[in-house]
Amino acid sequence: MGRRPHHAKGDGPGVNDDSGDSARLGNHTRVVTAGRRKEWAQGIVSVPVWRASTILYDSVADLRATGARGETHHTLFYGRRGTPTQWSLADALTQLEPGAEGTFLYPSGVAAIAAALLSVLSPGDEVLMVDTAYDPTRSMAMGLLKRMGIATRFYDPMIGAGIAALIGDRTRAILLESPGSLTFEVQDVPAIVGVAKARGLVTLLDNSWATPLFFPAIAHGIDLSILACTKYIGGHSDVMLGSVTAGPGHFAALRDTSFQLGQVASADDCWLGSRGLRTLGVRLAQHQASALRIAQWLCTRPEVAQVLHPALPDCPGHAHFVRDFMGSSGLFAFALNGGNDATRAAMIDALDLFGIGYSWGGFESLALPVDPARHRSATRPQFAGPLIRLSIGLEDADDLITDLDRALGHFRAGLAG
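Cut-offs and rules
- Residues numbered from 1 in each chain as written.
- Predicted model: local features only at pLDDT ≥ 70, side-chain atom pairs only at ≥ 80, totals over all residues.
- Heavy atoms only, no water.
- Axes fitted to C-alpha atoms, helices over the stretch in contact; angles between N-to-C directions.
- Helix = DSSP H or I, 4+ residues; strand = E, 2+ residues; numbered from the N terminus.
- Parallel < 35°, antiparallel > 145°, perpendicular 65-115°, else oblique.
- Left-handed = near helix turned anticlockwise from the far one by under 90°.
- Contact = heavy atoms within 4.5 Å.
- Nonpolar A, V, L, I, M, F, W, Y, C, P; charged D, E, K, R; others polar.
- Phe/Tyr/Trp six-rings, centres within 6.5 Å; stacked < 30°, edge-to-face > 60°.
- Buried < 20%, exposed > 50% of the residue type's maximum accessible area, 1.4 Å probe, protein only.
- Lys NZ or Arg CZ within 6 Å of the ring centre and 35° of its normal.
- 1 Å grid on protein atoms, 1.4 Å probe; cavity = no way out; pocket = protein on both sides within 12 Å on 5 of 7 lines; lining within 4 Å.
- Points joined across faces, edges and corners; volume = space filled by probe spheres on them.
- Pairing = 2+ DSSP bridges.

## What to know about the packing of helix 14 (residues 341-349) against helix 15 (residues 397-416)
Helix-helix packing: each pair is described by the crossing angle between the helix axes and the interaxial distance. Packing of helix 14 against helix 15 brings their axes to within 8 Å, and their N-to-C directions diverge by 150 degrees. If you check the angle between helix 14 and helix 15, you find them roughly antiparallel. Considering how the two elements wind past one another, helix 14 and helix 15 form a crossing that is right-handed. Contacts between helix 14 and helix 15 pair Thr343, Ala346 and Met347 from the former with Leu404, Ala407, Leu408, His410, Phe411 and Leu415 from the latter. Looking at side-chain class alone, the contact of helix 14 with helix 15 contains seven nonpolar, two polar and no charged residues.

Structure representation (C-alpha cells):
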C-alpha cells in the first residue's frame with residue numbers, strides 16, 4: 001500500500017510558524033535547534049535525507065484531495081515541492097531572521113539571486129543595483145534581465161539616502177550587497193531601506209558575507225535576504241546551495257516564481273547545508289578572530305598599501321559597520337604597495353597554506369587575485385597596487401601569518417629584482 005502523504009505543521013517551505021519561541025533564543029541556540037521538528041527527524045538528531053521524486057497516495061481520491069487544496073507546502077506531494085530534509089533547512093534559515101515570513105532554497109547562490117529578482121521585476125521595470133555587486137549578479141543584469149526588457153542602473157555603494165535621486169517612474173527594486181564584493185564598502189542599509197519604503201520599492205540584499213548571525217537583514221527592513229549557502233552555511237566547500245528569506249508580504253511571489261522556474265535544491269545538498277549550519281556560530285567566531293588579527297598584522301607591513309576590512313577604521317562605510325553589524329566574517333582584501341599582476345601572482349603562488357580558488361567560507365584559507373575595476377561602471381576604485389582577496393579559514397592564525405610573511409618577502413624580493 002502506498003504511504004499517505006505526511007501533512008506537517010506550517011503553510012510554506014520554511015514558513016516561520018514558531019518565530020515567537022525562536023526569537024527569544026540566542027543565535028548559537030537557534031542554529032542548533034532550528035528546523036528540527038520531531039515529525040521530520042523521527043527520533044534522529046539530524047533530520048535524515050528524505051530523497052523523493054514520486055510520492056505514493058493511498059487512493060485516487062487522496063491524490064486528488066491533496067492537489068485540490070492548492071497549498072502543498074510542508075506536504076509530501078511531489079519531489080520538486082520538497083521533503084522534510086529541504087523543509088528543515090528552510091525553516092532553520094527563516095528562524096535565524098526575526099520577522100521573516102519564509103525561505104526558499106536553490107541549487108546555487110546565483111540561482112537564488114535570479115529567482116529573487118524575477119519575483120519582483122517585470123518587463124519595462126528598472127532595478128537599482130549596487131556597483132559593487134557580485135560579478136555573476138552584474139552579468140545577470142546585463143544579460144538575462146536586459147533580454148527581458150528590465151533595465152539596471154548601477155549606483156555608488158556609499159550613496160546612502162542619496163539614492164532617492166536615482167529613482168524613476170520605472171524603478172521597482174533596489175539590490176544591495178554589503179559589504180561589497182572585492183572592495184568591501186559597507187552600505188548605509190537603513191537609509192536606503194527608508195527611501196525604498198517611502199517610494200514603494202522592494203529591497204534585496206546579498207547577505208552572504210555577514211549571514212543573519214552578524215546582520216539580521218529582515219529585522220533591518222530588507223524585503224528579500226539572499227545567501228550563497230555554498231559559503232558559510234555549508235562551511236565545508238562541498239556543496240552548491242542558495243537561499244532567499246522573505247520578509248512579510250513577499251514570500252508568496254517568491255514561492256510562485258520559484259515553482260514556475262522549476263527551482264529545487266536536492267535533499268542531499270540540503271542535508272549538507274543543515275549539517276554545516278549547526279556549527280555556523282562557532283565557525284564564524286573563529287573566522288572573525290583570525291581574519292581580524294591577520295588584517296591588523298597586514299596593516300603593519302610596508303609591502304601592503306591598504307587593507308579593506310569592514311571592521312578596520314579606514315574601510316569605506318566603517319561607521320555603518322559599527323552601527324549595524326554584530327560581527328565580521330573571514331573575507332577581506334588588501335592592496336599591495338606597488339607591483340603588478342606578475343609580482344602579485346608570484347606572491348600568491350608562494351603561499352603554502354592558502355589554496356588558490358574561487359568561493360570562500362569553507363574551513364580552508366584561500367587567496368585570489370582580484371581586479372574590481374573590470375566590474376564597475378558607477379565607481380572607479382584605485383589602489384597603489386594590485387589587490388589580493390583572502391578568505392581566512394580555521395587554521396591557526398599564527399601559521400597563516402607565517403605563511404603570508406614568507407610570501408610577502410618573496411613579493412619584496414620580486415620588486416627589488
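Now that the structure has been shown, we can carry on.
## A closer look at the packing of aromatic side chains
Applying the stated criterion to the full structure yields eight aromatic pairs. Taking the centre distance of 5.4 Å and the plane angle of 75 degrees together, the rings of Phe104 and Phe259 count as edge-to-face. Here Phe104, found in strand 1 (residues 102-106), pairs with Phe259, found in helix 10 (residues 251-260); they are 155 residues apart in sequence, far enough to count as distant. For the pair formed by Phe104 and Phe259, the shared burial category is buried. A cation over a ring is seen here: Arg138 above Phe154, with NZ or CZ 3.8 Å from the ring centre. The ring of Trp360 has Lys231 sitting right over it, with the charged end atom 5.4 Å from the ring centre.

## Focus on the layout of surface pockets
Approximately 740 Å³ is the volume attributed to the largest pocket. Forming the walls of the largest pocket are 37 residues, and the residues nearest its centre are Tyr134, Pro136, Leu182, Tyr358 and Arg389. Looking at the lining of the largest pocket, its residues break down into 19 nonpolar, nine polar and nine charged.

## Some thoughts on the sheet that holds strand 11 (residues 366-370)
Here five strands make up an open sheet; going across it, the order is 8-9-12-11-10 and the pairing mixed. Two strands lie at the open edges of the sheet, namely strand 8 (304-308) and strand 10 (355-356), each paired on one side alone. Of the strand pairs in this sheet, strand 10 and strand 11 are connected by two bridges, and their pairing is parallel. Paired with Ile356 across the bridge in strand 11 is Ala367. Helix 14 rests against strand 9 (331-336), strand 10, strand 11 and strand 12 (387-391) of the sheet, and its axis sits at about 175 degrees to strand 11.

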